[in-house]
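# Observations on the model geometry
The lines below spell out each chain.
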Amino acid sequence: MAYYRALGDIPPKRHTQHRDAEGKLYYEELMGEEGFSSDSSLLYHRGVPSALVDSQIWELPDQTTTPNHPLKARHLRLHTLFVAGETADAVTGRRLVLGNSDVRISYVVTGEDPSAYYRNAIGDECVYVESGGGVVETIFGPLHYRSGDYVVIPRATTHRWVPNQSSRLYAIEANSHIAPPKRYLSRYGQLLEHAPYCERDLHGPTQLQEAGDETDVDVLVKHRVGGKVVGTRMRYATHPFDVVGWDGCLYPYTFNIDDFMPITGKIHQPPPVHQVFEGHNFVVCNFLPRKVDYHELSVPVPYYHSNVDSDEVMFYVGGDYEARKGSGINLGSISLHPGGYAHGPQPSAIEASLGAEFFDESAVMVDTFAPLELGEGGLAVEDEAYAWTWANRGPDGNGGPAVFSNS
Ligand SMILES: [Fe+2]
């Protein structure tokens, strides 16, 4: 994060003696990105933050991916991934939907049990809360979350999810950092006037995380061995949430989709105006309820577009998505429109959109600059007829779409 925050008990000068009321020294930890060359924070612990007492393999759920080959558009119905009433741990229960070497997208429906303590040592996580609510407890302090929040958690931040109701979480896990697009920022990192949100909309911790005197605490760590995503269960002598104060520019925060102010135009505005965040080789955008194009001959739904350099993943989270009418896409659907293939509205949606003044639609988009592959969760809920819905004629050749695998 670009701007500075401080919480709790910190000494006036960094890297100097800092003691509790009994005179015992606190243990200072610098958590910093890109070596010592980017954003960082200093945290003061009651216990030694590196006091490891055990390390064991944590077997991750299935992380294998299947190439999008033969190439086609895909429709994945996420709301059928967990049957009614089925819930799972917010961390260990995630099911991989799509992924490549830059980013992995997974989905989970939680109950109300707290997740395991966890940190992702591969990259930042941006978890979109499709519905639900609760708290993410972190070493920087608690973050309250609600429907429509992006919860942005920097790489290596120890945390756990504590839902107070069943929560649908769409986890975007990067192999890099996730931040506002550089073009939204001043040379010193302030969000500029043309950005569709500002610092007031980003909510970091406002109090410290309470931690008991628990010892021998297990933390699940996601990391890499070669190119493979693996896990380790690390056991610590003291509780990782024993922080008495911290300050700096690196910390988790939430941003609610309702605080994004859509930019609209006389004619159709391209997806970059809807961008929220960027990571290495991918971007996150959101399409939200908004007034639409006001030229007298405007066509409010998008033109057909060939994303020469990217795969486009739309997650439909609210309203009624105009451009996808007639395709089987509904709330909870994902569409994957791969690079190397032009896509656009279902033909009937173009005429139907003429004269529209307002679109009531919400979708979260991830565009990746390397091809995505399908995870086991994605394959399990694919609607195999989607690719043929523009032609209204599938490989069976007789006018109707091909077989629906999950209907
Ligand atoms: Fe598109």
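Placed above this text is the structure.
Report follows, based on the coordinates.

Assigned secondary structure in the chain consists of 2 helices and 27 strands. Taking 2.2 N^0.38 as the reference for a compact globule, 407 residues should give roughly 22 Å; the C-alpha atoms of the chain span a radius of gyration of 23 Å, in line with that estimate. Judged by the C-alpha coordinates and their principal axes, the chain covers about 80 × 45 × 35 Å. Within the span of the chain, comprising 407 residues, buried residues form 53% of the whole. Relative to all contacts within the chain whose residues are 6 or more apart in sequence, the contacts with residues 24 or more apart total 73%. Roughly 18,200 Å² of accessible area belongs to the chain as shown, and the carbon and sulfur atoms make up 51% of that amount. For the chain, the distance from the average position of its 32 positive side-chain charges to the average position of its 53 negative side-chain charges is 3 Å.

Once that is clear, we can look at unusual backbone geometry. Note the cis peptide between His 69 and Pro 70, where omega equals 5 degrees. Along the polypeptide, Pro 70 turns up in the loop between strand E5 (65-67) and strand E6 (74-77). Phi at Ala 156 is positive, roughly 70 degrees, even though this residue is not glycine. Looking at the element boundaries, Ala 156 is found in the loop between strand E12 (149-153) and strand E13 (159-174). The backbone of Asp 216 sits at a positive phi, close to 50 degrees, despite the residue not being glycine. The topology assignment puts Asp 216 in strand E14 (residues 215-225). Look at Asp 216 and you get partly exposed, because its relative accessible area is 45%.

The strands making up a sheet associate through hydrogen bonds between their backbones, and the pairing can be parallel or antiparallel. Pairing is antiparallel across the open sheet formed by 4 strands, whose spatial order is E1-E16-E3-E2. In this open sheet, the two edge strands, each paired with only one partner strand, are strand E1 (5-8) and strand E2 (27-32). The average undirected angle you get between the axes of adjacent strands in this sheet is 15 degrees. As paired strands, strand E3 (residues 40-45) and strand E16 (residues 243-248) are joined by 5 bridges and run antiparallel to one another. Opposite Leu 42, over in E16, you have Asp 247 as the bridge partner.

We now examine the pairing of E13. Relative to E13, strand E8 (residues 103-109) runs antiparallel, the two being bridged by 7 bridges. Bridge pairing in E13 places Tyr 107 opposite Tyr 170. When strand E10 (residues 125-138) meets E13, the two strands line up antiparallel, connected through 12 bridges. Directly across from Gly 134, in E13, lies its bridge partner Pro 163.

Another point: the coordination of the iron ion. Around the iron ion, the protein contributes the donor atoms His 305 (NE2), Glu 312 (OE), Glu 312 (OE) and His 343 (NE2), at 2.0 to 2.3 Å from the metal centre. Because the angles between the 4 donor atoms bound to the iron ion fall within 58 to 165 degrees, the donor set is best described as irregular. Along the chain, the residues donating to the iron ion fall in the pattern H-x6-E-x30-H. Judged by its relative accessible area of 6%, Glu 312 is buried.

On to the environment of Ile 172. When you line up the elements, Ile 172 lands in strand E13. For Ile 172, a relative accessible area of 0% corresponds to the buried category. Between the alpha carbons of Ile 172 and Ile 105 there is a distance of 4.7 Å; along the sequence they are 67 residues apart. Those residues in contact with Ile 172 that sit more than four places away from it in its chain are Val 103, Arg 104, Asp 124, Glu 125, Cys 126, Ile 178, Phe 282, Val 284 and Val 366.

Tallying each qualifying case throughout the model produces 2 cavities of 30 Å³ or more. Within this model, the largest cavity holds a volume of roughly 90 Å³. Taken together, Trp 58, Leu 60, Pro 61, Gln 63, Val 91, Arg 94, Leu 96, Arg 104, Ser 106, Glu 173 and Lys 222 form the lining of the largest cavity. Empty space within the second largest cavity amounts to approximately 70 Å³.

So, on to the nonpolar core. Ranked by size, the top nonpolar core spans 61 residues in total, and within it Tyr 150, Trp 161, Tyr 170 and Phe 277 carry the most contacts. Counting residues per element, this core draws most heavily on E13, at 6 residues. Of the domains in this structure, domain 1 (50-70 + 84-243 + 251-257) and domain 2 (259-388) are the two that each give at least three residues to this core. One finds Leu 7, Ile 139, Tyr 236 and Phe 241 within the second-largest nonpolar core, a separate group that totals 16 residues.

Rules behind the numbers
Residues numbered from 1 in each chain as written. Predicted model: local features only at pLDDT ≥ 70, side-chain atom pairs only at ≥ 80, totals over all residues. Heavy atoms only, no water. Helix = DSSP H or I, 4+ residues; strand = E, 2+ residues; numbered from the N terminus. Rg over C-alpha atoms; globule rule 2.2 N^0.38 Å. Buried < 20%, exposed > 50% of the residue type's maximum accessible area, 1.4 Å probe, protein only. Contact = heavy atoms within 4.5 Å. Areas by Shrake-Rupley, 256 points an atom, 1.4 Å probe, with all protein chains shown as cover. Lys, Arg positive; Asp, Glu negative; His and termini not counted. Charge placed at Lys NZ, Arg CZ, Asp CG, Glu CD. Pairing = 2+ DSSP bridges. Axes fitted to C-alpha atoms, helices over the stretch in contact; angles between N-to-C directions. Donors = N, O, S within 2.8 Å, 3.2 Å for Na, K, Ca; no water. Tetrahedral: all angles 85-135°; square planar, octahedral: opposite > 155°, others 65-115°. 1 Å grid on protein atoms, 1.4 Å probe; cavity = no way out; pocket = protein on both sides within 12 Å on 5 of 7 lines; lining within 4 Å. Points joined across faces, edges and corners; volume = space filled by probe spheres on them. Core = buried A, V, L, I, M, F, W, Y, C linked by side-chain atoms within 4.5 Å. Domains from an automatic or database assignment.

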